[in-house]
Amino acid sequence: MLLDIIAIVAGFSLLVWGADRFVIGASGIASNLGLPPMIIGLTIVGFGTSAPEILVSGMAAYQDNSGLAIGNALGSNIANIGLILGVTALIAPLNVRSETLRREYPILLAVCLGTLLLMLDGNLGRSDGLVLLVGLVAMLFAMVRISMRSLASDPITAEILDELPGEMTTGKAVFSFCVGLALLLFSSRILVWGAVNIATTFGVSDLIIGLTIVALGTSLPELAASIASAVKNEHDIAIGNIIGSNMYNLLAVLAVPGLIAPGPFDPLVLSRDMTMMIGLTLALFVISYGFGGAGRINRFEGLLLVLAFLAYQGVLFMHTDDAPVSAPTAYQQTTEQHPT
């Protein structure tokens with residue numbers, strides 16, 4: 001048990017640091033290739049903050065723990081809005097001034113509803129995974145078009161430019177990118193190993209582990225980025241991190257178990273987890289869109305988001321015995337004593 005806990009803590013720590021190295025390296029490479037800063041910020045940086053979820057879900061699906069992979073994707077989205085955005089608003093109420101972000105809200109809602117339609121049959125297959133990947137490409141295209149049509153005075157433009165890493169040589173950028181990717185691969189492996197072992201020990205389903213421990217841990221980059229942005233009065237970046245990450249989680253992260261380990265999933269995913277995710281997404285629209293004026297998420301609304309997240313965690317706790325734990329795969333059995 002001690003080794004499992006150490007693996008989880010070390011995995012989370014290395015995931016966060018590795019994702020940061022990965023983003024810095026990828027951004028440096030893209031900048032040296034001449035890509036516009038706005039595109040780098042909306043695509044590469046957004047992908048980098050979701051890299052932990054993508055790698056963890058891929059490793060879990062490879063080890064035949066698709067429940068953990070699905071739980072990681074949906075749980076991260078729930079944590080992003082309920083916990084991270086809620087805590088950020090408690091620290092510093094958020095003003096939504098960017099027209100770019102206001103145009104991204106409908107895209108996020110469309111992605112949520114489209115994902116729901118794909119999963120209504122209770123099965124996440126390879127065709128669903130492919131559709132999600134196509135949706136990812138379409139989303140990136142839409143984001144780029146939005147950024148190109150945004151006015152130079154749009155607040156998010158200056159905020160993104162301020163957040164991008166400084167100039168660096170291509171050699172250093174490639175080195176940082178490779179180190180970050182290697183750390184992401186290694187840390188995701190030991191994290192999944194520790195999480196699955198704990199689930200097996202306590203008789204908890206891998207879905208619940210994905211929705212709780214793993215989802216919270218892989219959301220750490222978004223938590224750090226949003227709080228730091230809010231403290232620096234970069235409110236549009238703080239909210240943009242959440243919107244972008246949630247779209248990546250559904251289109252990129254959720255596609256992984258469909259492509260690698262297709263099959264049926266726990267019915268509670270639809271009735272409990274998807275319902276909660278879409279409900280929080282709609283709540284985000286209502287409290288921050290700013291009908292007829294600038295949007296704002298105040299401290300009271302932030303508190304409501306946090307309370308909703310805590311209530312959801314309580315529901316998960318009551319369902320810990322509802323689904324059996326997946327039997328250890330041959331891969332897990334061979335790594336029972338040695339995670340790497």
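**Q** Could you give an account of the overall build of the protein chain, naming the residues involved and the relevant values?
**A** For the protein chain, the count of helices and strands is 14 helices and four strands. Sorting the 340 residues of the protein chain into buried and exposed places 56% on the buried side.

**Q** Describe helix α3 (residues 66-91), naming the residues involved and giving the relevant values.
**A** Helical geometry: 3.6 residues make up each α-helical turn, so side chains three or four residues apart lie on a common side. Compared with an ideal rise of 1.5 Å per residue, which puts 26 residues at 38 Å, α3 spans 36 Å between its outermost C-alpha atoms and is within 8% of the ideal. Residue Asn-80 marks the point of greatest curvature in α3, where the axis turns by about 40 degrees. Of all 26 residues in α3, 22 are buried; the element is thus mostly enclosed.

**Q** Summarise the packing of aromatic side chains; cite the residues concerned and give the values.
**A** Taken as a whole and assessed by the stated rule, the structure comprises two aromatic pairs. Geometrically, the ring pair formed by Tyr-105 and Phe-285 is tilted, given 5.4 Å between the ring centres and 45 degrees between the ring planes. Of the two residues, Tyr-105 sits in helix α4 (residues 99-119) while Phe-285 sits in helix α12 (residues 268-288), which places them 180 residues apart along the sequence. The exposure classification of Tyr-105 matches that of Phe-285, with both residues buried.

**Q** How would you sum up the packing of helix α1 (residues 2-32) against helix α7 (residues 170-202)? Please name residues and give values.
**A** The contact between α1 and α7 brings their axes to 6 Å, and the two run at 155 degrees. One element, α1, and the other, α7, form an angle in the roughly antiparallel class. When you trace α1 past α7, the crossing you get is left-handed. Of the residues that constitute the contact of α1 with α7, the class distribution is 27 nonpolar, 12 polar and two charged.

**Q** Explain the side chain of Ser-176 residue by residue, including any values.
**A** Tracing the chain through its elements places Ser-176 in helix α7. Within the local environment of Ser-176, its side chain forms a polar contact with the backbone oxygen of Arg-21, the two atoms lying 2.7 Å apart. In contact with Ser-176, not counting residues within four places along its chain, are Arg-21, Phe-22, Ile-24 and Gly-25.

**Q** Describe in detail the packing of α3 against helix α13 (residues 299-318), supporting the description with residues and values.
**A** Helix packing for two helices is described by the angle between their axes and how far apart those axes are. Between α3 and α13, whose axes approach to 7 Å, the crossing angle comes to 145 degrees. For the pair α3 and α13, the sense of crossing is left-handed. Along the contact surface, α3 presents Ile-78, Ala-79, Ile-81, Gly-82, Leu-83, Gly-86, Val-87, Ala-89, Leu-90 and Ile-91, while α13 presents Arg-299, Gly-302, Leu-303, Leu-305, Val-306, Phe-309 and Tyr-312. Of the residues that constitute the contact of α3 with α13, the class distribution is 13 nonpolar, three polar and one charged.

**Q** A description of helix α10 (residues 235-253) should follow, citing residues and the corresponding values.
**A** When the terminal C-alpha atoms of α10 are compared, their 26 Å separation across 19 residues agrees well with the 27 Å that a helix rising 1.5 Å per residue should span. In terms of burial, α10 is a largely internal element, 19 of the 19 residues being buried.

**Q** Explain unusual backbone geometry to me, using residue names and the numbers behind them.
**A** In this structure, Asp-64 is a non-glycine residue whose phi angle is positive, near 65 degrees. Tracing the chain through its elements places Asp-64 in the loop between α2 (37-62) and α3. The exposure class assigned to Asp-64 is partly exposed, which follows from its relative accessible area of 49%.

**Q** Give me the lowdown on the environment of Leu-140, citing residues and values where you can.
**A** When you line up the elements, Leu-140 lands in helix α5 (residues 126-149). Of the residues examined, Leu-140 reaches a relative accessible area of 25% and is grouped as partly exposed. In the structure, Leu-140 is positioned 108 residues away from Tyr-248 in sequence and 9.6 Å away in space, judged by C-alpha atoms.

**Q** Describe a nonpolar patch on the surface, with residues and values.
**A** There is a patch of nonpolar side chains on the surface, built from Leu-90, Phe-300, Leu-303, Leu-304, Leu-307 and Leu-310 and spanning about 550 Å² of accessible area. Sorting elements by how many residues they give to the nonpolar patch places α13 first, with five residues. Its location among the elements puts Leu-310 in helix α13.

**Q** Mind laying out the confidence of the model for the protein chain, listing which residues take part and the relevant values?
**A** In the predicted model, the protein chain carries a mean pLDDT of 81, and 81% of its residues have values of at least 70. Note that pLDDT drops below 50 for residues 323-340; the model gives that stretch 31 contacts with residues more than four away or on any other chain.

**Q** Requested: an account of the environment of Leu-284, with residues and values cited.
**A** Topologically, Leu-284 is positioned in helix α12. C-alpha separation for the pair Leu-284 and Tyr-105, spaced 179 residues apart in sequence, amounts to 8.9 Å. Not counting residues up to four positions away in its chain, the partners in contact with Leu-284 are Ile-81, Leu-85, Tyr-105, Tyr-289 and Ile-297.

What counts and what doesn't
Residues numbered from 1 in each chain as written. Predicted model: local features only at pLDDT ≥ 70, side-chain atom pairs only at ≥ 80, totals over all residues. Heavy atoms only, no water. Helix = DSSP H or I, 4+ residues; strand = E, 2+ residues; numbered from the N terminus. Buried < 20%, exposed > 50% of the residue type's maximum accessible area, 1.4 Å probe, protein only. Expected span 1.5 Å × (residues − 1). Bend = angle between axes of the 7 residues up to and from the residue. Phe/Tyr/Trp six-rings, centres within 6.5 Å; stacked < 30°, edge-to-face > 60°. Axes fitted to C-alpha atoms, helices over the stretch in contact; angles between N-to-C directions. Parallel < 35°, antiparallel > 145°, perpendicular 65-115°, else oblique. Left-handed = near helix turned anticlockwise from the far one by under 90°. Nonpolar A, V, L, I, M, F, W, Y, C, P; charged D, E, K, R; others polar. Polar contact = N/O pair within 3.5 Å; in protein donor to acceptor, adjacent residues only side chain to side chain. Contact = heavy atoms within 4.5 Å. Patch = residues over 30% accessible without salt bridge, like charges linked within 9 Å, V, L, I, M, F, W, Y side chains within 5 Å. Areas by Shrake-Rupley, 256 points an atom, 1.4 Å probe, with all protein chains shown as cover. Salt bridge = Lys/Arg side-chain N within 4 Å of Asp/Glu carboxyl O. pLDDT = per-residue confidence, 0-100.

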